[in-house]
Structure formats: structure tokens, C-alpha cells
Amino acid sequence: VQLQASGGGSVQAGGSLRLSCVASGGIFLRYAMGWFRQIPGKEREFVGGVSWSGDDTYVVETLEGRFSISKDNAKNTVYLQMNGLEPEDTGVYYCAADPVVHGIIASAGDYDYWGQGTQVTVSS
């Protein structure tokens, strides 16, 4: 299974970005997906996840008013919509997939596959 993340870039504070993560080489419908980020100087942190069906989504409380996650099984793609971006959101964003657990997974160690990361830079 390969995951290709894209959509990162540089935006000013208050702007929006939509990250995409395309999966190939497996049965995407069976994967629970997650988004993580690594902010400079901090450990990788869970942003949110989506169940294998796409019906259940979760974004951490500190971000849920600005970020949302969706999964399009027909396109083998999971999205992270980010609105109202702040300089503190600057970092590398990673998508991850797990083919075993169908629900939402918050622990990075439980994911089997990872994308390469896409850089998000928010300027003030």
C-alpha cells in the first residue's frame, strides 16, 4: 500500500488548504485513515481520523472548529480540510492507513502505512 499526500503549501493566517491523500496498491475501502502533523520542536500529533466507511469522522477538540476530514472511497482519497489557518498550524502533515481496525484510530503506532508528508506553512 502506498499513500501519496499532497495539497500543502504556504498561506497567510486565516487562509485555507485542503490536503489530499491518495492510496494505491490495496483495498482502500477497508482502511481506517488518519491525519497527523509534526510541528517544529514537537512530537507527531494526531489531528483526526475517519472510519473505513467514511461515515465516522473525528478531529481533535482543539482543531475541530477549523479542520474536517472526509473519505471518498470511490477515489481512494482521504481529505483534510483546514480553514482559519494559524501560524501555529505550520508543520508537516502526514496521512496514515490501517487495514485491520475499521474505526477511528488515534495512536500513530497502530497505523501500518504512512504517506511521505506534505509541508504546510502559515505566515502571520
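What counts and what doesn't
- Throughout this document, residue positions are counted from 1 along each chain, in the order its sequence is written.
- Since the coordinates come from a predicted model, pLDDT governs what is reported: local features require at least 70, and pairs of side-chain atoms require 80 or more to be given and counted, while whole-chain, interface and lining totals use all residues.
- The side-chain values count all of the structure's non-hydrogen atoms but skip hydrogen atoms and water molecules.
- We call a set of buried Ala, Val, Leu, Ile, Met, Phe, Trp, Tyr and Cys residues a nonpolar core when their side-chain atoms join them within 4.5 Å.
- Burial classes follow relative accessibility: with a 1.4 Å probe on protein chains only, a residue under 20% of its type's maximum area counts as buried, one over 50% as exposed, and anything between as partly exposed.
- The numbering of helices and of strands both runs from the N terminus, where a helix is a DSSP run of H or I of at least 4 residues and a strand a run of E of at least 2.
- Any pair of residues with heavy atoms lying within 4.5 Å of one another is described as a contacting pair.
- Strands are labelled as partners when DSSP assigns at least two bridges between them.
- The axes are straight lines fitted to the C-alpha atoms, using for helices just the contacting stretch, and the angles between their N-to-C directions are given from 0 to 180°.
- A pair is scored as a salt bridge if a Lys or Arg side-chain nitrogen falls within 4 Å of a carboxyl oxygen belonging to Asp or Glu.
- Under the pairing criterion, centres of Phe, Tyr and Trp rings, with the six-membered ring standing for Trp, must be within 6.5 Å; the plane angle then separates stacked pairs below 30 degrees from edge-to-face pairs above 60, leaving the rest tilted.
- To sit over a ring, a charge needs its Lys NZ or Arg CZ within 6 Å of the ring centre and within 35 degrees of the ring normal.

### Regarding the nonpolar core
The biggest cluster of nonpolar side chains holds 33 residues, and the ones touching the most others in it are M33, W35, F67, V78, L80, M82 and Y93. Counting residues per element, the ones that place at least two in this core are β1 (2-6), β3 (17-24), β4 (32-38), β5 (45-50), β7 (67-72), β8 (77-82), β9 (91-98) and β11 (118-123). Beyond its immediate stretch of four places on either side in the chain, L80 contacts L17, R18, L19, W35, V47, F67, S68, I69 and Y93.

### Here's the deal with the sheet that holds β1
Read from one edge of the open sheet, four strands run β1-β3-β8-β7, paired in antiparallel fashion. With partners counted over all chains shown, the strands left at the sheet margins are β1 and β7, one partner each. Neighbour-to-neighbour, the strand axes of this sheet turn through a mean angle of 15 degrees, independent of strand direction.

### Quick look at the pattern of salt bridges
This structure, assessed with the given rule, holds four salt bridges. With a shortest N-O distance of 2.5 Å, E45 and R37 are connected by a salt bridge. A salt bridge links E86 to R66; the shortest N-O distance between them is 3.8 Å. Remark: R66 occurs in the loop between β6 (57-59) and β7 and E86 occurs in the loop between β8 and β9; sequence separation between them is 20 residues. Using a relative accessible area of 18% as the deciding quantity, one classes R66 as buried. Sharing partners across several salt bridges, the network here consists of R37, E45, R66, E86 and D89.

### What to know about the packing of aromatic side chains
Taken as a whole and judged by the stated rule, the model has five aromatic pairs. Look at Y111 and W114: their rings are 6.1 Å apart centre to centre, the planes differ by 65 degrees, and that puts the pair in the edge-to-face class. Overall, Y111 belongs to the buried group, its relative accessible area being 5%. A network of ring pairs unites the aromatic residues F36, F46, Y58, Y111 and W114 as a single cluster. Cation over ring: R44 sits above Y94, and NZ or CZ is 3.8 Å from the ring centre. The aromatic ring of W114 is capped on one face by R44, whose charged end is 4.9 Å from the ring centroid.

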